[in-house]
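Here's the letter readout for the chains.
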Amino acid sequence: MRYQQISCILLLILLGVRLSSAQSNRRIYPIAFYNLENLYDTVKDSTINDDEFTPTGANAWTETKYQQKIKNMARAIRAIGSPASNLGPIALGVAEIENRRVLEDLTKDPQLRDLGLKIVHHDSPDRRGVDVGFLYNPAFFTPFRDTVYPFYLPENPGFKTRDQLLVSGTIAGDTIHIIVNHWPSRYGNKSSELREFAAGITKGICDSLYRENPEAKIIVMGDLNDDPNNKSVKEVLQAKKNPQDVPAQGLYNTMWKFYDQGIGSLGYQGQWNLFDQIIISKPLLENKNNGLRFAKAEIFNRDFLVQQEGRRGKNKGYPHRTFSGGVFINGYSDHFPTLIYLVKQ
């Protein structure tokens, strides 16, 4: 039996799934989100504020540093989902990328090249020039539609931030809709209102998909800049903590249980936050017609992604980031990846 089949069986055992001879043939599909922490190229773009990520900027962002960042991110992405899968995520939403070029450089890295990852990307009007994007393995995911939803607040039309990206495709014959987000950052006294507005956009996309198909299989993912219990996620998006509380055409937050356990995807000044969330529609909680269903969620906080030096509560134990105190420390990201596993007979 191949390594991947054995890993799949072990995962199902850990999930408490009783294995029959038919069930041992289930296939697992890791689907993930990762904030790549300022993945900029080194070229000055006059249309955005990217000065600090140029060779003469504050970060002295040279080609050597950029290539090391690409190498590190490729290593992390390839590892996501292991040991259950050795192919990396079959679909990956990303945030804090400057442009399509950085995704092309990433997918061409030797650690990822053999996967043949494809890209979905649209430039957004964000002031810093960072976008969301989507990578997928065409052997497992076949897209048929991608749409961007801009953030436009009538009472604040000058505010610019990331678009939301909807990618619809098929996995193992099932249609899946994936919404990639990077909601407005936490700054100022009214930033929560901006995230609540962004949550309303996401909720509107989900409602529209549900109107098209009441059994729509939807995955909302992203750096929401809020925790699962904040108003934007809990009240506006109405993502529930417990599967049994999810109503028809509702949403389940696969990450909330980790937050309650004090486990986060990023840390700051002695406190963990869980901004990087994956939220799913109710049909993914059900096992109808042997279709794709949710099996498990995970914060991918492997040791090599963790800062091992420094002071506990300051930086030790947090994600091993690219810069610390303005000094390049050759890390990965200030966020851990998050992922879910879907399974199908």
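All values derive from a computational prediction rather than experimental measurement.

Notes on the sheet that holds strand β17 (residues 338-344)
- Within the open sheet, the six strands sit side by side as β3-β4-β2-β1-β17-β14. Their pairing is mixed. The outermost strands of the open sheet, each flanked by one partner alone, are β3 (118-121) and β14 (293-299). Averaged over neighbouring strand pairs, the angle between their axes works out to 20 degrees when direction is ignored.
- The sheet contact formed by β14 and β17 spans six bridges and is antiparallel.

Quick look at the confidence of the model for the protein chain
- A residue-level look at the protein chain finds 91% of positions with pLDDT of 70 or above and a mean pLDDT of 92.
- Of the regions scoring below 50 in pLDDT, residues 13-25 engages in 15 contacts with residues more than four places distant in sequence or in other chains.

Concerning the pattern of salt bridges
- Inspection of the entire model under this criterion finds 20 salt bridges.
- Residues Lys44 and Asp51 are paired through a salt bridge, measuring 2.5 Å at the closest nitrogen-oxygen approach.
- Taking the relative accessible area as the measure of exposure, Lys44 reaches 43% and is therefore partly exposed.
- A network of salt bridges, in which partner residues are shared, links Glu37, Lys69, Arg321 and Asp334.

Quick word on the pairing of strand β13 (residues 276-281)
- Of all six residues in β13, six are buried; the element is thus mostly enclosed.
- The alternating pattern of β13 places Asp276, Ile278 and Ile280 on one face and Gln277, Ile279 and Ser281 on the opposite face, and all of these are buried.
- Sheet topology note: the strand β8 (residues 218-223)/β13 ladder contains five bridges and is antiparallel. Directly across from Ile219, in β13, lies its bridge partner Ile280.

Some thoughts on the packing of aromatic side chains
- Evaluated as defined, the whole model comprises 16 aromatic pairs.
- With 6.4 Å between their ring centres and 70 degrees between their planes, Trp61 and Phe328 make a pair best called edge-to-face. In this pair, Trp61 sits in the loop between β1 (27-39) and α2 (63-79) while Phe328 sits in strand β16 (residues 327-328), placing the two residues 267 residues apart along the sequence.
- Members of the aromatic cluster, each reached through a chain of ring pairs, are Tyr40, Phe53, Trp61, Phe323 and Phe328.
- One Lys or Arg, Arg75, reaches over the ring of Phe304 and ends 4.1 Å from the middle of that ring.

A short note on the packing of α2 against helix α3 (residues 100-108)
- Two numbers describe how α2 lies on α3: the axes approach to 9 Å, and their chain directions differ by 60 degrees. Crossing angle aside, the handedness with which α2 passes α3 is right-handed. Contacts from Glu63, Tyr66, Ile70, Met73, Ala74 and Ile77 of α2 reach α3 at Arg101, Val102, Asp105 and Leu106.
- Of the residues assigned to the contact of α2 with α3, the class counts are seven nonpolar, no polar and three charged.

Digging into the sheet that holds β8
- Overall, mixed pairing links the seven strands, which are arranged β5-β6-β7-β8-β13-β10-β9 in an open sheet. Looking at which strands have only one partner, the edges of the open sheet turn out to be β5 (141-149) and β9 (239-240).
- In the sheet, β5 pairs with strand β6 (residues 164-171) via eight bridges, with the strands oriented antiparallel. Pairing of Thr142 across the sheet is with Thr170, part of β6.
- Contacts from helix α4 (residues 191-212) reach β5, β6, β7 (174-182), β8, β10 (251-253) and β13 within the one sheet, and its direction differs from that of β6 by about 30 degrees.

Definitions and limits used
- Residues numbered from 1 in each chain as written.
- Predicted model: local features only at pLDDT ≥ 70, side-chain atom pairs only at ≥ 80, totals over all residues.
- Heavy atoms only, no water.
- Pairing = 2+ DSSP bridges.
- Helix = DSSP H or I, 4+ residues; strand = E, 2+ residues; numbered from the N terminus.
- Axes fitted to C-alpha atoms, helices over the stretch in contact; angles between N-to-C directions.
- pLDDT = per-residue confidence, 0-100.
- Contact = heavy atoms within 4.5 Å.
- Salt bridge = Lys/Arg side-chain N within 4 Å of Asp/Glu carboxyl O.
- Buried < 20%, exposed > 50% of the residue type's maximum accessible area, 1.4 Å probe, protein only.
- Phe/Tyr/Trp six-rings, centres within 6.5 Å; stacked < 30°, edge-to-face > 60°.
- Lys NZ or Arg CZ within 6 Å of the ring centre and 35° of its normal.
- Left-handed = near helix turned anticlockwise from the far one by under 90°.
- Nonpolar A, V, L, I, M, F, W, Y, C, P; charged D, E, K, R; others polar.

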